[in-house]
Amino acid sequence: MAQKVGKAPSGVHYPIWAWYQWEGRHKRLDMRTHRRWYVKGTPIVLLTLEIPDQFVLLSDYDMWHCVLNHGEVSFSGDIEKIYSEREIRESWSNIFKWNQKNAYWPEPKTTQAVFWEVRKEWVVRSEFFVSG
């Protein structure tokens, strides 16, 4: 993230994760039911943000799980190939090719966004929910 959007601002220790698109569309998620592990009655605020490109890093949500599981992020679909440690690590940059169509990764894409902060001027809309 530091390479793509810069280092964290002073005092910021963790990035913020959000959805850029869900199942191929920019759609508003119903937070009353979207995350079922919330305890019923939990207050939730859904923010709609417009963050300038230079402050946000986008990546493919499904491909990200390969990185988490120390697997390769290949576009070839060759399940028989044995990848070296170097090839595996180099393949991880493919998660940033979230808008590249290929036969191996499913469509529609779910794309995650990560950024260091939320600035007041980036907030387009805020909605309050109580989980159901």
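Our structure is the block above this text.
Quick look at the structure, then. None of these values were measured; they are calculated from a predicted model.

### Digging into the overall build of the chain
Thinking step 1. The secondary structure content of the chain amounts to three helices and five strands.
Thinking step 2. Walking the chain from its N terminus toward its C terminus, one meets helices and strands in the order α-β-β-β-α-α-β-β.
Thinking step 3. Overall, the chain is about 50 × 35 × 25 Å in size when its C-alpha atoms are taken along their principal axes.
Thinking step 4. Of all intrachain contacts in the chain linking residues separated by at least 6 positions in sequence, the fraction that spans at least 24 positions is 78%.
Thinking step 5. Element-wise, carbon and sulfur atoms account for 53% of the exposed surface of the chain, whose accessible area totals about 9200 Å².
Thinking step 6. Here the chain contributes 18 positive and 16 negative side-chain charges, whose respective centroids are spaced 7 Å apart.

### Details of a nonpolar patch on the surface
Thinking step 1. Taken together, the side chains of Ile16, Val45, Leu47, Val118, Val123, Phe128 and Val130 define a hydrophobic patch exposed on the protein surface, amounting to about 560 Å² of accessible area.
Thinking step 2. Elements that contribute at least two residues to the nonpolar patch include exactly β2 (43-49) and β5 (123-130).
Thinking step 3. Sort the elements by how many residues they give to the nonpolar patch and β5 lands first, with three residues.
Thinking step 4. Position of Val123 relative to the elements: it lies in strand β5.
Thinking step 5. Taking relative accessible area as the criterion, Val123 reaches 32% and is therefore assigned partly exposed.

The rules behind each value
Residues numbered from 1 in each chain as written. Predicted model: local features only at pLDDT ≥ 70, side-chain atom pairs only at ≥ 80, totals over all residues. Heavy atoms only, no water. Helix = DSSP H or I, 4+ residues; strand = E, 2+ residues; numbered from the N terminus. Contact = heavy atoms within 4.5 Å. Areas by Shrake-Rupley, 256 points an atom, 1.4 Å probe, with all protein chains shown as cover. Lys, Arg positive; Asp, Glu negative; His and termini not counted. Charge placed at Lys NZ, Arg CZ, Asp CG, Glu CD. Patch = residues over 30% accessible without salt bridge, like charges linked within 9 Å, V, L, I, M, F, W, Y side chains within 5 Å. Salt bridge = Lys/Arg side-chain N within 4 Å of Asp/Glu carboxyl O. Buried < 20%, exposed > 50% of the residue type's maximum accessible area, 1.4 Å probe, protein only.

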